[in-house]
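# Summary of the model geometry
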Amino acid sequence: MTSPAVPRQPLLDDAVILLHAPTQAWSGRDGDIGDAAIDGVYHGDVRHLRSVRVSVAGSGIETISRSIIDAGTAEFGSVLRGLDDDAADPKVRLIRRREVSAGVVSESLRLHSHRDVPLRFAVTVELAPEFAPMQDVKAGLATAMPWRAEAVAASGTAPGRVEVISADGHRSFQLEAAGAAATIAEAIVLRWEVELEPHSVTDIGWSATLDDDTLVVGAASNAELAVPSADDPRLARWIRQATQDLAALRLVLPADPEDAFYAAGAPWFFTLFGRDSIWAARLALAADPGIAASTLRVLARLQGTKSDPATAEQPGKIPHELRSAPLSLPNEGVHLPPLYYGTVDATPLWVCLLADARDAGMPEAEVRELVPALRAALTWITDFGSGTGSGFLDYVDETGHGLANQGWKDSGDSIQWRDGRLAEGPIALCEVQAYAYEAAVRGAQLLDDLGEDGGAKLREWATALRTRFREAFWVTTPEGRYPAIALDAHGAAVDSLTSNIGHLIGTGILDADEERACAELLLGASMSSGFGIRTLSTGAAGFWPLSYHGGSVWAHDTAVTVHGMLRSGLVTEARLIAGQLVDAAEGFAYRMPELHSGDGRDIVPFPTPYPASCRPQAWSAAAAIVCAEAYAAS
């Protein structure tokens, strides 16, 4: 007897994604929505439509082309051979153009005949409402929620429309389809009777305006990012795609519509993430300097003010993520409150971004406005960050249902020894100590420059941290000498060679010789895939190229290393690694995914997808900007 299928997270790598945050549409390569588990029209954290299917009476629809126009627009070209004559050439075409803007998804259907006789046929579009929470889609558990619909008759020049409302009344969409007859049953069917004259074109179409009154994020005003120049045509194509995607990922909090930030990525992370939004702003600083300042302000408004184990909030702490409702991922045993602070690195990274933004020209008056938040963040780093009192910033989930790992590698098996054993928490990550060191040093300089006190004490703290780090983190294994990924609950150095050491470069916690040694290891055969830096060395027992954090390649992770190398003067090394990312981008049609397989280019000629990888991802897109800086460096 066949056992029931285990619910699985949807695969994403072969889908077509169009977006303008907070709205997105996922479809098959033929344009129809509904065949794959990820397919649907989403607004915020809810899938409003599970399927959208087009049919033509008397003919199948055979797709022959797919063109991605920009982040929110695509065209699918098809032939309708059931309406053809007996000649070999197809003479009846359908061009299906889908456009996604914030809160609106629309499709135009252009029917084009080259025949000598008139054609009469019906075209239908069947749309299935669902209103399933995003978290259920991710867990493979989505089911349609109750809904009701009402057709509103046309009046004057206004077309008729269908209003569809979820049973709880919080989510809805309005369908408009000029010239169509609408039938409401288990799905909504729009039907057009088409009269296509010889050698003519007829256009029909529909649009859905989506609403969710529980949303805690909203669309940002349109923005054009500066597009860095690039002599390499492949890098230029990646930059164009990346800047389009970054523009489409901009969001705001409704109370502060002037301050945009980058949503982390599609489909699961269409919201504010402390770490992700900060790193995306840092990496994209040359193309979008304004978003650094606005991201800082958004996060400062949500900065922690009290100690609350249920949400992991502490005074001065920068949050991890914001959602409109609790997030429950039963497959992973994760249940998070709507505003969750379970991140150990967002707070020092916030200080580093403030220093970067100030260096990039953020007006002094705006910097001064953030001094209270700066002081609170620095106090969290020095007084609250070490929960164990070890002197190192560390983390542990106190609830049993939060994130077990709270650095950027936040999967449950991401911190492991070379022999494959999982490290026992509390965990102190190597890169977090580097972020904290940089934050203390640069935060002290900010205070000095603004005529504020406290700089000397911060420098003393940073110097002591640097000394402790050197004494505790360095390990020697058959792969060489390098900083361990972390210290475990017993203060033992977890000895895996990982990409985390790349995040140390450029922070100041290493000296020049140590940075060069780390760079050499990262460029070695066990860490360099040829398409970016692996998250875990091939010399580790737990290495697997399709492991989320245990052997895969993340574009942003590799770009952070490039970013640090450029700051440390390791320009040749930065260019080599940036070139690997450009090669990878070419393999993904220049829309870089969240991560890809760690298979080496000695095994595969093109990067292998990680099939559940999100895309576009803000920090993966921002990696293109850092690579442009590496190519231009001298």
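For the structure, see preceding data.
Below is a short write-up of the structure. All of these numbers come straight from a predicted model, not from anything done at the bench. (Residues numbered from 1 in each chain as written. Predicted model: local features only at pLDDT ≥ 70, side-chain atom pairs only at ≥ 80, totals over all residues. Heavy atoms only, no water.)

## Observations regarding the nonpolar core
Among the nonpolar cores identified, the biggest contains 156 residues, and Trp238, Trp350, Leu354, Ile381 and Phe469 are the most heavily contacted of them. If we skip the residues at most four places from it in the chain, Ile381 touches Thr347, Pro348, Val351, Leu393, Ala436, Ala439 and Trp461. Grouped together as the second largest cluster of nonpolar side chains are 40 residues, Leu18, Leu109, Leu119 and Val123 included. (Core = buried A, V, L, I, M, F, W, Y, C linked by side-chain atoms within 4.5 Å. Buried < 20%, exposed > 50% of the residue type's maximum accessible area, 1.4 Å probe, protein only. Contact = heavy atoms within 4.5 Å.)

## Re helix H12 (residues 571–587)
Counting along an α-helix, one turn takes 3.6 residues, and residues three or four places apart therefore face a common direction. With 17 residues, H12 ought to run about 24 Å at 1.5 Å a step, and its terminal C-alpha atoms sit 25 Å apart, in line with that. Taken residue by residue, H12 has Val571, Ala574, Ile577, Ala578, Gly579, Gln580, Leu581, Val582, Asp583, Ala584 and Ala585 as its buried positions. Along its buried surface, H12 packs onto helix H2 (233–248), helix H11 (555–568), strand E29 (595–596) and helix H13 (618–632). (Helix = DSSP H or I, 4+ residues; strand = E, 2+ residues; numbered from the N terminus. Expected span 1.5 Å × (residues − 1).)

## Points about the environment of Gln174
Summarising the element assignment, Gln174 is placed in strand E12 (residues 171–176). What makes Gln174 partly exposed here is its relative accessible area of 32%. The contact partners of Gln174, leaving out residues within four places of it in the chain, are Arg161, Val162, Glu163, Ser207, Ala208 and Thr209. Here the side chain of Gln174 touches Glu163 through a polar contact of 3.3 Å, side chain to side chain. (Polar contact = N/O pair within 3.5 Å; in protein donor to acceptor, adjacent residues only side chain to side chain.)

## Description of the sheet that holds strand E18 (residues 256–262)
With antiparallel pairing, the 3 strands of this open sheet are ordered in space as E16-E17-E18. With one partner strand each, in any of the chains shown, strand E16 (218–219) and E18 form the two edges of the open sheet. Of the pairings in the sheet, the one linking strand E17 (residues 250–253) to E18 comprises 4 bridges and is antiparallel in character. Looking across to E18, one finds that Leu253 is bridged to Asp256. (Pairing = 2+ DSSP bridges.)

## Some thoughts on the sheet that holds strand E3 (residues 40–43)
Overall, antiparallel pairing links the 7 strands, which are arranged E1-E2-E3-E4-E9-E14-E13 in an open sheet. Because the sheet does not close on itself, it has two edges, and the strands there are strand E1 (16–20) and strand E13 (181–184). On average, adjacent strands in this sheet sit at an angle of 20° to one another, irrespective of strand direction. Relative to strand E2 (residues 23–27), E1 runs antiparallel, the two being bridged by 5 bridges. Its bridge partner lying in E2, Val16 is registered against Ser27. (Axes fitted to C-alpha atoms, helices over the stretch in contact; angles between N-to-C directions.)

## Concerning the packing of helix H3 (residues 274–283) against helix H4 (residues 289–301)
Interhelical geometry of H3 versus H4 gives an angle of 160° and a closest axis separation of 9 Å. Of the possible angle classes, the one that applies to H3 and H4 is roughly antiparallel. Like other packed secondary-structure pairs, H3 and H4 cross with a definite hand, here left-handed. For the pair formed by H3 and H4, the contact residues are Gly274, Ser277, Ile278 and Ala281 on the first element and Ile291, Ala292, Thr295 and Leu299 on the second. Of the residues contributing to the contact of H3 with H4, the split by class is 5 nonpolar, 3 polar and no charged. (Parallel < 35°, antiparallel > 145°, perpendicular 65-115°, else oblique. Left-handed = near helix turned anticlockwise from the far one by under 90°. Nonpolar A, V, L, I, M, F, W, Y, C, P; charged D, E, K, R; others polar.)

## Topic: the environment of Phe543
Secondary-structure assignment places Phe543 in the loop between helix H10 (512–522) and strand E28 (553–554). Sequence spacing of Phe543 and Thr143 is 400 residues, and the spatial spacing of their C-alpha atoms is 36 Å. Not counting residues up to four positions away in its chain, the partners in contact with Phe543 are Arg534, Leu536, Ser537, Thr538, Gly550, Gly551 and Gly598.

## A word on the layout of surface pockets
Space inside the largest pocket adds up to approximately 1,000 Å³. Contributions of two or more residues to the lining of the largest pocket are made by helix H1 (134–138), H3, strand E20 (327–329) and strand E21 (334–336). If you tally residues by element for the lining of the largest pocket, the top one is H1, at 3 residues. Each residue belonging to the lining of the largest pocket can be placed in one class, and the counts come to 21 nonpolar, 8 polar and 10 charged. Together, 27 residues line the second largest pocket, and Arg66, Phe588, Ala589, Arg591 and Arg615 are the ones closest to its centre. Counting only elements with at least two residues in the lining of the second largest pocket, the list comes to E1, strand E5 (62–70) and H2. Partitioned by chemical class, the residues of the lining of the second largest pocket number 14 nonpolar, 4 polar and 9 charged. (1 Å grid on protein atoms, 1.4 Å probe; cavity = no way out; pocket = protein on both sides within 12 Å on 5 of 7 lines; lining within 4 Å. Points joined across faces, edges and corners; volume = space filled by probe spheres on them.)

## Section: the pattern of salt bridges
Inspection of the entire model under this criterion finds 46 salt bridges. In this structure, Arg97 and Glu99 form a salt bridge, with 3.4 Å as the shortest nitrogen-oxygen distance. The partly exposed category is assigned to Arg97, whose relative accessible area is 26%. (Salt bridge = Lys/Arg side-chain N within 4 Å of Asp/Glu carboxyl O.)

## Topic: the pairing of E1
Most of E1 sits out of view: 5 of its 5 residues are buried. Every second residue of E1 is oriented toward a common face, with Val16, Leu18 and His20 on one face and Ile17 and Leu19 on the other, all of them buried. Between E1 and E2, which pair antiparallel one after the other, the connecting turn spans 2 residues.

## Quick look at the packing of aromatic side chains
In the structure shown here, the tally under the stated rule is 9 aromatic pairs. Aromatic side chains Phe392 and Phe473 sit 5.3 Å apart centroid to centroid with 80° between the ring planes, which places their arrangement in the edge-to-face category. Placement of Phe392 in the loop between helix H7 (371–384) and strand E23 (428–429) and of Phe473 in helix H9 (residues 455–473) is noted, with a sequence separation of 81 residues between them. Neither residue differs from the other here; Phe392 and Phe473 are each classed as buried. (Phe/Tyr/Trp six-rings, centres within 6.5 Å; stacked < 30°, edge-to-face > 60°.)

## A few points about H7
An ideal rise of 1.5 Å per residue puts 20 Å on 14 residues; H7 measures up with 19 Å between its terminal C-alpha atoms. Every buried residue belonging to H7 is among Val371, Ala373, Leu374, Ala377, Leu378, Trp380 and Ile381, and all of these are buried. Contacts made by the buried residues of H7 are with H4, helix H5 (346–359), helix H6 (364–369), helix H8 (430–449) and H9.

## Remarks on empty space enclosed by the protein
With a probe scaled to a water molecule rolled over the atoms, the places where space remains empty come into view. Tallying each qualifying case throughout the model produces 3 cavities of 30 Å³ or more. Of the volumes computed, that of the largest cavity is approximately 70 Å³. Lining of the largest cavity is provided by 13 residues; of these, Trp279, His503, Ile505, Thr507 and Arg567 occupy positions nearest its centre. Looking at the lining of the largest cavity, the elements that each hand over two or more residues are H3, H8 and H11. Element by element, the count of residues in the lining of the largest cavity is highest for H11, at 4 residues. Residues belonging to the lining of the largest cavity are distributed by class as follows: 5 nonpolar, 5 polar and 3 charged.

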